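Structural features, examined
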Amino acid sequence: MSMDFITEYFINPIISPELQGYNLVNTITYIVMLVIACGIIYTVLKKKIIFDKRFFLAILPYVLFGISLRVVMHQVELGSVVLDGITKTANPLQFGFWFFTPGIWILTFAVVIIGLLFAKVWKQLDYKRLAAVGIVACIPPLAFNLMHINNGLVFAGTAIIIAIVAYGICYLVNRFSKYKILHDPMNIFIVAGQAIDGIASSIAITFFSFTEQHVLSNVLLNISPLVFIGAKLLIAVLICWSLDDYAKENHKRKNMVGFIKVIISILGFATGLASLFKLGII
């Protein structure tokens, strides 16, 4: 792999504001890296952790840490906030790398590792300890963003719409189909994550001139924001149904399915909450 190839597809999208953050090459690469990382994590932790609602809620503060820090850096990019010594770079040896994508997610993962160690994951995981580390980490950047909310009505209104749509979809599926999606609370988080991402991103792009960095999302958004939202919600429900059906065939698969649901929920909440907070600070 030549240096020119790496520069074009990986370095320039990070440091150049004129380019989208993601292209087909780095998107596929990041997906492959994520799958490999998830495989390793699950192999190491599958006998020590039950991946369910309780674990997801304990991990959620770390998601808030990552997206809150990313939103702070978004304000730095806009020029509305100045932080000395932090500049956008693709060099991991420089401080600024760890505060922008993808470095910020590596930093978040490192904080999760610290939380797991503090929670004594090698013994019986202490969920309260795990959540406590995440809460302590997320409070400073989260509080900073909340203090810089300029469009409180847009922020709160979008959040309310998202909550209604997410639970409404789950209720309708549970009420009018044979698939009882509400039997597993993690399904609600999966649908909610995709609802946050779809609705917040669509409002930001349609009404506030935001741009979408992800290649596949851009294709659907160019057709219609409603198509984008509908596709995300439909895929979320189908994923829940497929995973639950797969788990039914063999009880031993339940924890692996739970792990997959946690990962999908995290991805949805991470991208969606970032868009939601950006709506509030514009």
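Here's what I pulled together on the structure shown here.

Conventions adopted
Residues numbered from 1 in each chain as written. Predicted model: local features only at pLDDT ≥ 70, side-chain atom pairs only at ≥ 80, totals over all residues. Heavy atoms only, no water. Helix = DSSP H or I, 4+ residues; strand = E, 2+ residues; numbered from the N terminus. Expected span 1.5 Å × (residues − 1). Buried < 20%, exposed > 50% of the residue type's maximum accessible area, 1.4 Å probe, protein only. Arc of directions from axis to C-beta. Phe/Tyr/Trp six-rings, centres within 6.5 Å; stacked < 30°, edge-to-face > 60°. Lys NZ or Arg CZ within 6 Å of the ring centre and 35° of its normal. Polar contact = N/O pair within 3.5 Å; in protein donor to acceptor, adjacent residues only side chain to side chain. Core = buried A, V, L, I, M, F, W, Y, C linked by side-chain atoms within 4.5 Å. Contact = heavy atoms within 4.5 Å. Axes fitted to C-alpha atoms, helices over the stretch in contact; angles between N-to-C directions. Parallel < 35°, antiparallel > 145°, perpendicular 65-115°, else oblique. Nonpolar A, V, L, I, M, F, W, Y, C, P; charged D, E, K, R; others polar.

Taking 1.5 Å per residue, 22 residues should reach 32 Å; helix α2 (residues 24-45) reaches 31 Å between its end C-alpha atoms and fits that length. If you check which residues of α2 are buried, you get N26, T27, C38, Y42 and L45. Mapping the buried residues of α2 onto a view down its axis gives an arc of 130 degrees, with all of them on the same face. More than 90 degrees from the buried face of α2, the exposed residues found are M33, V35, I36, I40 and T43.

This part covers the packing of aromatic side chains. Per the counting criterion, the structure on display carries 8 aromatic pairs. Ring geometry for Y42 versus F51: centroids 6.1 Å apart, planes at 40 degrees, classification tilted. The two residues Y42 and F51 agree in class, both being buried. Three or more aromatic residues joined by ring pairs make a cluster, and in this case those are Y42, F51, F55 and F259. A cation over a ring is seen here: R129 above F118, with NZ or CZ 4.9 Å from the ring centre.

Moving on: the side chain of S68. For S68, the position within the fold is in helix α3 (residues 53-78). By relative accessible area, which is 0% here, S68 ends up buried. Of the polar contacts made by the side chain of S68, one reaches the backbone oxygen of L64; its length is 2.6 Å.

With that settled, consider the nonpolar core. Grouped together as the largest cluster of nonpolar side chains are 74 residues, with contacts concentrated most on I49, F55, L125, L130, V191 and F269. Within the residue set of this core, elements represented by two or more residues are α2, α3, α4 (103-118), α5 (127-147), α6 (152-176), α7 (185-208), α9 (225-249) and α10 (254-281). Looking at which element gives the most residues to this core, the answer is α3, with 14 residues. V191 has contacts with A166, I169, C170, I181, L233, A236, V237 and C240, leaving out every residue within four places of it along the chain.

Their axes nearest at 9 Å, the elements α7 and α9 cross at an angle of 170 degrees. Looking at the two axes, α7 sits roughly antiparallel to α9. Facing α7, whose interface residues are N187, I190, V191, Q194, A195, D197, G198, I199, S201, S202 and T206, α9 presents P225, F228, I229, K232, L233, A236, V237, C240 and D244. Grouping the constituent residues of the contact of α7 with α9 by class yields 11 nonpolar, 6 polar and 3 charged.

We now examine α9. Taking 1.5 Å of rise per residue, 25 residues should cover 36 Å, and α9 covers 37 Å from first to last C-alpha, within 8% of that figure. Within the sequence span of α9, burial applies to F228, I229, A231, K232, L233, A236, V237, C240, L243, D244 and A247. Where α9 begins, one side-chain oxygen reaches toward the backbone nitrogen of L226, 3.2 Å away; that side chain belongs to S224.

Keep in mind that these numbers describe shape and distance, not what the molecule does.
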